[in-house]
Amino acid sequence: MKLQQIWVFILIAFIGFGLSSARAQSVPAVQGDFVGTLGPLHLKLHIVAGTGGALSGTMDSPDQGSIGIPCADFQVQGQTISFAVPAVHGNWTGAIADDGRTLTGTWNQGSPQPLTFTRDTFIPADKPSPVDGFWLGILQAGSQSLRIQISVKSDRSGQESCALDSLDQDAFDLSCANVARSGTDFSFNVPALKGRWSGKLSSDAQTLTGTWSQGAPLPLNLQRQATPVPPTPPPKVSYIPAMAPVDAAGMQAVLNQDLEQALKRGALSPGTSAGVAIGVVRGGTRRVFAYGAARTDSIFEIGSITKTFTGLAMAQLIAQGKIRLDEPVRELLPSGAVAKPPGAEITLLDLITQHSGLPRMPDNFNPADPSNPYRDYRPANLYQFVAQHGVAKPADAAFLYSNLGVGLLGQALADRAAMPYANLLNEEVTGPLRLRDTVVSLSPEQQQHFIQGHDPDHNPSHAWDFDALAGAGAIRSTAADMLTYLEANLHPEKQPQNASANGRTLPVALAQSHELRAEAGPGMQIAFAWLYESATGTYWHNGATGGYSSYAFFNPSCDCAAVVLMNTTISNRGSFADRLGQHIGQRFAGRTAISLAD
């Protein structure tokens, strides 16, 4: 499920900018390496002092796979320092403290957020240990072959430390813990992945032979490398000229031209087996069309766009008086599932707005089959996690995208309704909206329309099945059904007065699900799972599973909406579904449009 990266410090196109520098005035000793955190992101700042005291630098965002982002316009006045990061239209201003060991200040990328950098004080050992260096191996996880890179170093006291990169998943600089070496035995944990590697160093010190355990143990042997493999450079982003705003009836003709290169030798070329189904609507006129391997009636996994359906189901139950928005999630779970905390506790609103403080995934998530990872995570597993973790709400719970959080919400709503999530979805949303092909489980006839999904290398991938976390990403749908869903979001007031009680509450529930409830990063707010761009007035969400990617938006100010469903997951070059969806929005608005040919 994607979500990826909807923290809005989005780092998309950085490599290739030249470094800029500024003349420092009586520069304190600020050159060197610093570390800091911005929300869930770990950042590294590298400041270099050149001839005459001119400062330049770069920033890394390892969690997003972005290394060497150029900084510019360093200014130092006394103990005050500032710099810009042009690639993301951001700037930082702060104070130098502790003789240059701490930089305390504020990051501004639309709205200010505190960001303090602390000097990295690592002092390397005078003589490297036998395992120090860079190591590379292949982890065979289901149908995927993942390149795993380990960077190991020892300090002056002899203490080993390391970091893990999963190169093909764009996951970088994941810190190790419990790093231990005794003779040729070497082991470490990676807390972020709930994983552990243990093994032995070869007699020639060129190979680490061992096992990676993250559920079922898998062999992972690592070979010494002279230099680390750098992150894949971000994809080139270019733009094409604006044209007059396009209506729904003319969108396919425009996309026929805009997608020409992608269809010949790009993301949708014949050798990829990729296809997209697209739905657009403006001013009541709707169109559905397809490219590549897809058909207009193809069924896709929509991934995290499911979260918006979970939000609407919640709004329905609120409108029907069955739950309260401020109700603690604990009260919807089975009796005794989790203890009442002494202070503030996580509410339904906290879960749907991604402000619960819960991690992205539970720490007892250990799939037996990595190619279908959510299938065996049962309600019992979820309740076990909740009982151990608790439901106390952190005082400073900021926006943190959590599949666990919305998955827990979906299960809690199902518990209150005394029915499985799939049945709740049908009762509250897809039934009243007559979305016949929007389901969790496919019928035999729907299975015939379920397009084969593909991994980033265009190999066939396994479909994903969900149980306890269904509310976070379980839905399959068609472009036509999704367009009907978006039309309902565009015009809650136009929904027919359905004869059923659930249908009668739908207009009120839709309107409530659009109310902006919290901040979601600079220039972004969140409603019931829907992200909202303040600058454009657009509600949007995206999604991805092991073989599919998706993007949907609606904009009341232009009375327009679109959905893009693709049978290929995201890659280290990003999401083509996202890019295509944004392109359609730009064509609707008559703005310069992101190129689809890169």
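Summary of the structure given here. If you're wondering where the values come from, they're calculated on a predicted model, not measured in any experiment.

1. Examining the overall build of the chain
Part 1 of the reasoning: Counting its secondary structure elements, the chain contains 12 helices and 30 strands.
Part 2 of the reasoning: Relative to the globule expectation of 25 Å for 598 residues, the C-alpha radius of gyration of the chain, 25 Å, shows essentially globular dimensions.
Part 3 of the reasoning: Based on the C-alpha atoms only, the size of the chain along its principal axes is roughly 80 × 55 × 55 Å.
Part 4 of the reasoning: When the accessible surface of the chain is summed, it comes to about 24,400 Å², and 51% of that surface belongs to carbon and sulfur atoms.
Part 5 of the reasoning: In the chain, the 41 positive side-chain charges and the 49 negative ones have mean positions that sit 2 Å from each other.

2. Considering the environment of I278
Part 1 of the reasoning: Mapped onto the elements of the fold, I278 is located in strand β20 (residues 275-282).
Part 2 of the reasoning: The class of I278 is buried, set by a relative accessible area of 0%.
Part 3 of the reasoning: The contact partners of I278, leaving out residues within four places of it in the chain, are L255, R287, V288, F289, Y291, A479, V563, V564, L580 and I584.

3. Examining the state of the cysteines
Part 1 of the reasoning: Counting across every chain of the model gives two disulfides.
Part 2 of the reasoning: Paired through a disulfide, C558 and C560 show a sulfur-sulfur distance of 1.8 Å. Judged by the sign of its S-S torsion, about -45°, the bond between C558 and C560 is left-handed.
Part 3 of the reasoning: Here C560 falls in the buried class, since its relative accessible area comes to 2%.
Part 4 of the reasoning: Ordering the disulfide-forming cysteines of the chain by sequence position, one finds them joined as 1-2, 3-4.

4. Examining the packing of helix α3 (residues 306-319) against helix α7 (residues 421-430)
Part 1 of the reasoning: Where α3 meets α7, the closest approach of the two axes is 9 Å, and the angle between their N-to-C directions is 65°. The angle between α3 and α7 falls in the class roughly perpendicular. With respect to the hand of their crossing, α3 and α7 are arranged in left-handed fashion. Of the residues in α7, those in contact with T306, F309, T310, L312, A313, Q316 and L317 of α3 are Y421, L424, L425, E428 and V429.
Part 2 of the reasoning: Its residues placed into classes, the contact of α3 with α7 shows eight nonpolar, three polar and one charged.

The rules behind each value
Residues numbered from 1 in each chain as written. Predicted model: local features only at pLDDT ≥ 70, side-chain atom pairs only at ≥ 80, totals over all residues. Heavy atoms only, no water. Helix = DSSP H or I, 4+ residues; strand = E, 2+ residues; numbered from the N terminus. Rg over C-alpha atoms; globule rule 2.2 N^0.38 Å. Areas by Shrake-Rupley, 256 points an atom, 1.4 Å probe, with all protein chains shown as cover. Lys, Arg positive; Asp, Glu negative; His and termini not counted. Charge placed at Lys NZ, Arg CZ, Asp CG, Glu CD. Buried < 20%, exposed > 50% of the residue type's maximum accessible area, 1.4 Å probe, protein only. Contact = heavy atoms within 4.5 Å. Disulfide = S-S within 2.5 Å. Axes fitted to C-alpha atoms, helices over the stretch in contact; angles between N-to-C directions. Parallel < 35°, antiparallel > 145°, perpendicular 65-115°, else oblique. Left-handed = near helix turned anticlockwise from the far one by under 90°. Nonpolar A, V, L, I, M, F, W, Y, C, P; charged D, E, K, R; others polar.

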